[in-house]
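# Fold and contact review
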Amino acid sequence: MHHTTRRSLLTFTAFAALALAPACQSGSGFVRPEPRPLPMDIHSHARPNEVRVRHVSLDLDLDFVAGVARGGVTLELYRLEPTAPLVLDVQGLEISAVRGTDGKRRDHVIGKEHDNLGAALTIELEPADSSVRIDYATRPGAEALQWLAPEQTAGGRHPFLFSQGQAVLTRTWIPLQDSPGVRVSYDARITAPEALTVVMSAESKGRDADGAFRFELERPIPPYLIAIGCGELVSEKISKRCAVWAEPELAQRAAWEFADTEKMIQSAEELFGPYRWGRYDLLVLPPAFPYGGMENPLLTFATPTVIAGDRSLVALVAHELAHSWSGNLVTNATWGDFWLNEGFTVYFEKRIMEVVFGEARANMERVLDFADLEEEVARLEEWQTVLAIDLTGRHPDDGFSGVPYEKGALFLRRLEQLVGRRRFDAFLRGWFDGHEFESVRTEDFVAYLREGLPDALKGLDLERWIHAPGIPADAPVPESGALAQVEAELARWRGGAAPESLATDAWVTQQWLHFLQSMPPEVDGFDMALLDEAFGFTKTGNAEILCAWLELSIERDYPGAELRTASFLNEVGRRKFLRPLYAALVKTEAGTQRARTIYAQARPKYHAVSRQTLDAIVLPAD
Ligand code: BES
Ligand code: ZN
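So, how was this worked out
Residues numbered from 1 in each chain as written. Chains lettered and ligands numbered in written order. Predicted model: local features only at pLDDT ≥ 70, side-chain atom pairs only at ≥ 80, totals over all residues. Heavy atoms only, no water. Helix = DSSP H or I, 4+ residues; strand = E, 2+ residues; numbered from the N terminus. Rg over C-alpha atoms; globule rule 2.2 N^0.38 Å. Buried < 20%, exposed > 50% of the residue type's maximum accessible area, 1.4 Å probe, protein only. Areas by Shrake-Rupley, 256 points an atom, 1.4 Å probe, with all protein chains shown as cover. Lys, Arg positive; Asp, Glu negative; His and termini not counted. Charge placed at Lys NZ, Arg CZ, Asp CG, Glu CD. Donors = N, O, S within 2.8 Å, 3.2 Å for Na, K, Ca; no water. Tetrahedral: all angles 85-135°; square planar, octahedral: opposite > 155°, others 65-115°. Near = heavy atom within 4 Å. Polar contact = N/O pair within 3.5 Å; in protein donor to acceptor, adjacent residues only side chain to side chain. Nonpolar A, V, L, I, M, F, W, Y, C, P; charged D, E, K, R; others polar. Core = buried A, V, L, I, M, F, W, Y, C linked by side-chain atoms within 4.5 Å. Contact = heavy atoms within 4.5 Å. Salt bridge = Lys/Arg side-chain N within 4 Å of Asp/Glu carboxyl O. Pairing = 2+ DSSP bridges. Axes fitted to C-alpha atoms, helices over the stretch in contact; angles between N-to-C directions. pLDDT = per-residue confidence, 0-100. Expected span 1.5 Å × (residues − 1).

### Let's talk about the overall build of the protein chain
For the protein chain, the count of helices and strands is 18 helices and 21 strands. What you see for the protein chain is a C-alpha radius of gyration of 25 Å, in line with the 25 Å of a compact globule of 622 residues. With respect to the principal axes defined by its C-alpha atoms, the protein chain has extents near 80 × 60 × 55 Å. Counting the 622 residues in the protein chain, one finds 60% classified as buried. When the accessible area of the protein chain is evaluated, it comes to approximately 24600 Å², of which 51% is carbon and sulfur surface. Charge separation in the protein chain, taken as the distance between the mean sites of 64 positive and 89 negative side-chain charges, equals 3 Å.

So, in structure tokens, the structure goes:
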């Protein structure tokens with residue numbers, strides 16, 4: 001959908017008039033910023049500069065038998081252009097009625113579906129309408145919702161549901177203006193089968209007499225952060241403001257794994273200012289969850305594959321927590337500005353890891369990330385390696401790669417290097433404080449940078465960092481002594497030393513990952529068998545190490561890992577693990593056959609997001 005209309009021509013008078021209205025102050029004292037003109041978002045049909053949604057009130061029943069959510073939503077509106085209709089994003093929703101504030105029907109039309117971006121729902125408003133109520137149901141295949149059978153859960157007794165809104169999937173379960181510039185507060189009333197617990201990315205307001213779960217979030221968030229989980233769930237306390245939700249069989253292990261979360265929150269606050277959201281809870285999902293983590297406000301969603309039993313993969317928590325500032329407090333206004341979410345978050349994540357786990361650990365993780373970035377950049381098309389990515393004519397997911405994450409973080413590291421940590425920290429804190437609860441463009445950051453650190457810009461080619469492809473020559477290359485030791489042992493092995501004689505006893509996960517990441521090209525299936533015998537890779541319970549090992553086993557033709565590969569691909573739905581394994585398999589004829597057999601069995605268990613990516617890799621092109 002590529003609008004050529006003049007919809008970005010703004011009526012500033014409307015915004016000025018609003019600004020004169022009394023400021024919206026609630027009982028809690030939170031003052032919501034006034035709506036500002038928004039830039040064009042090519043991935044939304046909405047026209048938020050004409051009529052803008054300000055509050056979403058959900059009222060849904062979860063039907064696990066049909067695999068649909070059914071009920072309605074009330075949207076409260078800013079009427080910026082008094083005669084303009086309300087335009088929403090919808091994808092695959094069954095709309096049964098639309099009503100105005102007076103409860104009477106309003107005319108509405110659903111436009112043409114646009115390549116994976118849904119359609120416009122246009123609603124004619126009466127002058128007095130300050131809200132609309134839409135009765136609707138989702139369709140069984142709604143991409144944002146994954147309905148899991150009991151067999152796909154740890155307990156095996158009850159079904160499970162979770163949502164994934166980012167980037168443009170919220171429109172598949174809620175009709176709203178699905179653009180990250182349109183910030184909404186929300187509340188919800190959700191009913192679910194008995195024995196199941198509902199959690200959301202909002203404050204819990206307890207249960208109604210009829211058992212309905214109630215939620216409320218007063219701070220305005222982008223629609224992709226509205227999230228729900230439902231299953232047999234219990235919570236384990238970590239600190240006063242932090243708990244982990246999980247199935248009963250996992251809850252205690254999860255709480256142990258994430259015990260350092262409170263320390264992480266405190267370190268984050270010391271670095272970049274107060275945590276604005278009240279509670280910080282985690283929800284551990286079944287292994288079908290397609291991402292490692294998702295920063296849903298007040299309730300990070302996490303894959304169970306980070307529960308390694310030794311806290312070695314908890315950087316993921318630091319990452320999702322950091323999004324409480326970079327992403328949730330200050331949000332990319334369009335998906336072309338995605339690096340503002342992820343690059344800042346990776347930078348911030350590493351700073352948290354330094355404080356809580358020490359510089360050596362953070363540096364190991366930086367080196368691992370850097371090596372991954374170099375490898376990925378070599379593989380990607382040039383346009384995909386630009387920070388301010390041009391997504392014209394493309395789906396947001398086409399721009400998804402390690403680039404916004406790692407290149408974005410390197411850019412901030414470079415700035416830090418140029419002005420020193422003290423100044424850079426104050427600068428970043430000012431960015432968050434000055435733009436809280438706002439959605440921002442790359443240009444906004446550039447302007448803030450020119451203003452705040454003009455001297456840094458003398459030492460750096462800003463245009464190149466933001467708009468050119470590849471990794472700039474002045475990118476700060478991370479170093480790690482602990483990983484240098486790994487390279488030394490690897491060299492000893494290649495020089496003829498037996499695997500058992502290598503000094504690996506004290507190695508941590510990141511060192512093993514580097515060992516696998518640095519495997520010289522001549523290492524073959526025979527060598528791999530010796531490594532497996534010495535170190536038991538195929539049997540490891542650490543999903544990151546396992547995935548790296550399985551990928552290498554496919555590439556180096558080591559048959560001893562084939563069964564484990566098949567079982568892993570059947571158990572786990574995390575796209576980051578699935579994509580490289582299937583991609584490695586389809587490089588050979590025999591591997592392609594294996595991939596197709598496994599995929600035929602596993603595909604129905606994968607999330608729509610993972611299926612989308614994998615269909616293109618595994619299914620025969622026709
Ligand atoms: N917000 C992302 C996940 C995401 C990005 C979902 C784009 C949909 C579209 C989340 O914060 C993230 O980056 N997760 C990473 C983990 C992290 C430790 C790098 C992941 O899922 O692997
Ligand atoms: Zn992230």
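Text resumes after the structure shown.
### Considering the coordination of the zinc ion (ligand 2)
Each donor-metal-donor angle in an ideal tetrahedron of four donors is 109.5 degrees, and each such angle in an ideal octahedron of six donors is either 90 or 180 degrees. Within the protein, the atoms that donate to the zinc ion (ligand 2) are His319 (NE2), His323 (NE2), Glu342 (OE) and Glu342 (OE), at distances of 2.0 to 2.7 Å. Considering all six donor atoms around the zinc ion (ligand 2), angles at the metal cover 53 to 159° and the coordination shape is irregular. For the zinc ion (ligand 2), the donor residues sit on a single chain with the sequence spacing H-x3-H-x18-E.

### Some remarks on the site of ligand 1
Taken together, 16 residues are adjacent to ligand 1, and Gln166, Gly292, Glu295, Glu320 and Tyr405 come closest. Between ligand 1 and Gly292 there is a distance of 2.6 Å, counted from an oxygen atom to a backbone nitrogen or oxygen. Interatomic distance of 3.3 Å between a backbone N/O atom of Gly293 and a nitrogen atom of ligand 1. Notes on ligand 1: free accessible area 520 Å², of which the protein chains cover 87%. Looking at the shell around ligand 1, the elements that each hand over two or more residues are β18 (293–294), α4 (315–322) and α5 (338–357). When residues of the shell around ligand 1 are assigned to their parent elements, the largest contribution, three residues, is made by α4. Here the shell around ligand 1 is built from residues that sort into six nonpolar, six polar and four charged.

### Focus on the nonpolar core
A general feature of soluble globular proteins is that nonpolar side chains tend to end up buried together. If you look at the biggest cluster of nonpolar residues, it comprises 150 residues, and the most contacted ones within it are Leu58, Ile134, Met200, Phe258, Phe411 and Phe445. Sorting elements by how many residues they give to this core places α5 first, with ten residues. Of all hydrophobic cores here, the second largest spans 46 residues; its members include Val523, Leu531, Ala543 and Val572.

### Observations regarding the side chain of Ser324
Within the secondary structure, Ser324 is located in the loop between α4 and β20 (330–332). When residues no more than four places from it in sequence are discounted, the contact partners of Ser324 are Tyr275, Trp277, Tyr280 and Leu329.

### A short note on the pattern of salt bridges
Inspection of every chain in the model, using the stated rule, returns 45 salt bridges. For the salt bridge of Glu232 with Arg157, the shortest nitrogen-to-oxygen distance reads 2.8 Å. Of this pair, Glu232 sits in the loop between β14 (228–231) and β15 (234–239) while Arg157 sits in the loop between β8 (145–148) and β9 (160–163), placing them 75 residues apart in sequence. Classification of Glu232 by relative accessible area gives buried; the value is 19%.

### Focus: the sheet that holds strand β7 (residues 131–137)
With mixed pairing, seven strands are arranged side by side in an open sheet as β4-β7-β2-β1-β10-β13-β12. With one partner strand each, in any of the chains shown, β4 (94–99) and β12 (203–207) form the two edges of the open sheet. Mean inter-strand twist for the sheet, computed between neighbouring axes without regard to direction, equals 15°. In this sheet, strand β13 (residues 213–221) lies alongside strand β10 (residues 184–191) in antiparallel orientation, the contact comprising six bridges.

### A word on the confidence of the model for the protein chain
Here the protein chain averages 95 in pLDDT, and 96% of its residues register 70 or above. The low-confidence segment residues 1–12 (pLDDT under 50) makes 25 contacts with residues lying over four places distant or belonging to another chain.

### Thoughts on the sheet that holds strand β19 (residues 299–302)
Strand order in the open sheet made by the five strands is β15-β16-β17-β19-β18, with mixed pairing throughout. Each of the sheet's edge strands pairs with one partner strand only, and the pair in question is β15 and β18. Two strands pair when backbone bridges link them, and β15 and strand β16 (residues 242–246) are joined in this way by five bridges, in the antiparallel orientation. What sits directly across from Glu236, in β16, is Val244.

### Remarks on α5
Helix length check: α5, at 20 residues, gives a terminal C-alpha distance of 28 Å against a target of 28 Å (1.5 Å per residue), a fit within 8%. The buried count for α5 comes to 18 of 20 residues, which makes it a mostly enclosed element. After α5 finishes, the residue Gly358 shows a positive phi value of roughly 95°.

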